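# Structure assessment
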Amino acid sequence: MTAHSIERNLAYTPQVAAATRELYAKVSNVVPEIEWPAFAPLIAEINRLKKERGAVILAHNYQTPEIFHCVADFVGDSLQLAREAAKTDAKIIVQAGVHFMAETSKILSPEKTVLIPDLEAGCSLAASITGADVRLLKQKYPNLPVVTYVNTSAEVKAESDITCTSSNAVAVVESIAKERGVDTVIFIPDKFLAQNVANQTKIKIIAWHGRCEVHERFTADDIRRFKADHPGAIVLAHPECPAEVVAECDFAGSTSAMTDYVVKNRPARVVMLTECSMADNIQAQVRDVEFLRPCNLCPHMKRITLDKILRSLQTMQFEVKVDPAVATRAKAAVERMLAVGKPKPAVH
Ligand code: 13P
Ligand code: SF4
């Protein structure tokens, strides 16, 4: 494909303005009008090309509003995106998220082409542990099941008994402990999620030392100061935050559980101790809630842009591949998880 054909149709013409008017209405309170002429031609071309290719875009809740609300076919937390990857009929999945999410899609749908718009979109948790580390843990604790957070490589999942996400971690830990008749499980790699799960169950947990570079930065002092400055404001936190942060917040849950909390309860003022795009994406839908800062940016999630999504569809890069022998073992661990969690629709 020539550079010329890749760049075609990218002007903000009256036709593009008309074709994207309804989409702009969805994000007009979070995307300044002055930015729309830069986004709209990319959005129009992505939406045209994904139909032509028979592709779907799966976008995580941390994607920016112009991706989340304007080009995604399915949005959600890690569990919802995994469920969607397992059931979609599309031949091509473009993962607007980080690499482990694209790998999970490939593991569940090996016959599909799974693309990630930027191969460098990693995750500090996934980078904290290797398959060899898990093998050593299994040697040290031979009779204990390994529960692995999905924020890991396929190689690590392949060494595991079952995976989990932030929305089903407690249920998964309890289910595998019951199935194996044990009172202790190995839970990798997020040390804070492990503590937060341990606080909600009687099952003992042996944890790894991984941490999310976005959520580890929130402190309980932040919450106390924030609550003193903004009386009545509701504080939501992701369970990748340290346990003392989760202890001080009003509600902790997966990215989609936090969204549901705001949509259902409509607190007047809320702070979300998580990635910044969460507040923007909810604000676009729920205009009567005031979102206060702080929040932190995930540098990996922010590598995914409209430009890169379009290029990915045009060039069919970057294809995510998983060694079939690794994928078969990883799939067993992911499918065991999918059988435990409760189904939740992720349709946008
Ligand atoms: P969720 O599964 O809650 O969406 O979390 C994914 C993630 O990477 C949070 O940092
Ligand atoms: Fe990984 Fe944290 Fe980014 Fe989520 S927010 S993708 S856990 S680094």
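Residues numbered from 1 in each chain as written. Chains lettered and ligands numbered in written order. Predicted model: local features only at pLDDT ≥ 70, side-chain atom pairs only at ≥ 80, totals over all residues. Heavy atoms only, no water.

## Concerning helix H11 (residues 191-198)
- Along H11, the positions that sit buried rather than exposed are Phe192, Leu193, Ala194, Asn196 and Val197.
- Elements in contact with the buried residues of H11: strand S5 (146-149), helix H10 (169-180), strand S7 (184-188), strand S8 (204-207) and helix H13 (243-248).
- Between the side-chain oxygen at the start of H11 and the backbone nitrogen of Phe192 there is a gap of 2.9 Å, and the oxygen is on Asp190. (Buried < 20%, exposed > 50% of the residue type's maximum accessible area, 1.4 Å probe, protein only. Helix = DSSP H or I, 4+ residues; strand = E, 2+ residues; numbered from the N terminus. Contact = heavy atoms within 4.5 Å. Polar contact = N/O pair within 3.5 Å; in protein donor to acceptor, adjacent residues only side chain to side chain.)

## A short note on the state of the cysteines
- The final tally for this structure, using the stated rule, is one disulfide.
- Linked covalently through their sulfurs, Cys276 and Cys295 form a disulfide whose S-S length is 2.1 Å. Across the S-S bond linking Cys276 and Cys295, the dihedral sits near 100°, which makes this disulfide right-handed. Of this pair, Cys276 sits in helix H15 (residues 276-285) while Cys295 sits in the loop between strand S12 (290-292) and helix H16 (306-315), and the two are 19 residues apart along the sequence. (Disulfide = S-S within 2.5 Å.)

## With respect to the packing of H10 against helix H17 (residues 324-340)
- Contact geometry for H10 and H17: axes closest at 10 Å, N-to-C directions at 105°. Judged by the inter-axis angle, H10 sits roughly perpendicular to H17. Touching Ala171, Val172, Ser175 and Ile176 of H10 are Arg336, Met337 and Val340, all from H17.
- Along the lines of polarity and charge, the residues of the contact of H10 with H17 split into five nonpolar, one polar and one charged. (Axes fitted to C-alpha atoms, helices over the stretch in contact; angles between N-to-C directions. Parallel < 35°, antiparallel > 145°, perpendicular 65-115°, else oblique. Nonpolar A, V, L, I, M, F, W, Y, C, P; charged D, E, K, R; others polar.)

## Some details on the site of ligand 2
- Around ligand 2 sit Tyr62, Val98, Cys123, Ser124, Leu125, Asn151, Cys212, Val214, Glu240, Cys298 and His300, and those are all the residues in its vicinity.
- Here the residues of the shell around ligand 2 are counted per class, giving seven nonpolar, three polar and one charged. (Near = heavy atom within 4 Å.)

## Observations concerning the packing of aromatic side chains
- Using the criterion set out here, one finds two aromatic pairs in the structure.
- Taken together, a centroid distance of 4.8 Å and an interplanar angle of 45° make the contact between Tyr24 and Trp36 tilted. On the criterion of sequence distance, the pair formed by Tyr24 in helix H3 (residues 21-27) and Trp36 in helix H4 (residues 36-53) is long-range, its members being twelve residues apart. Both residues of the pair, Tyr24 and Trp36, belong to the buried class.
- Relative to Tyr261, the ring of Phe251 lies with its centre 4.9 Å away and its plane at 25°, an arrangement referred to as stacked. Taken together, the positions of Phe251 in strand S10 (residues 251-252) and Tyr261 in helix H14 (residues 255-265) put the pair ten residues apart, joining distant regions of the chain. (Phe/Tyr/Trp six-rings, centres within 6.5 Å; stacked < 30°, edge-to-face > 60°.)

## Some details on the site of ligand 1
- In the vicinity of ligand 1, the contacting residues are His60, Tyr62, Asp77, Ser78, Asn151, Ser166, His215, His238, Glu240, Ser254 and Thr255.
- The contact in question runs from an oxygen atom of ligand 1 to an N or O atom on the side chain of His60, over 2.6 Å.
- Here an oxygen atom of ligand 1 and a side-chain polar atom of Ser78 are 2.7 Å apart.
- For ligand 1, the protein covers 96% of the area, taking 300 Å² as the surface of the free molecule. (Areas by Shrake-Rupley, 256 points an atom, 1.4 Å probe, with all protein chains shown as cover.)

## A word on the environment of Ala90
- One can find Ala90 in the loop between helix H6 (78-87) and strand S3 (92-96).
- On the accessibility criterion, Ala90 (13% relative accessible area) is buried.
- For the pair Ala90 and Val56, spaced 34 residues apart in sequence, the C-alpha to C-alpha distance is 6.3 Å.
- Apart from residues no more than four positions distant in its own chain, Ala90 is found in contact with Gly54, Ala55, Val56 and Lys112.

## Brief notes about the packing of helix H7 (residues 99-108) against H17
- Running from N to C, H7 and H17 cross one another at 95°; their axes reach a closest spacing of 9 Å. Our classification of the angle between H7 and H17 gives roughly perpendicular. When H7 is examined against H17, the residues Thr104, Ile107 and Leu108 are found in contact with a partner set consisting of Ala327, Ala330, Lys331, Val334, Glu335 and Leu338.
- Of the residues assigned to the contact of H7 with H17, the class counts are six nonpolar, one polar and two charged.

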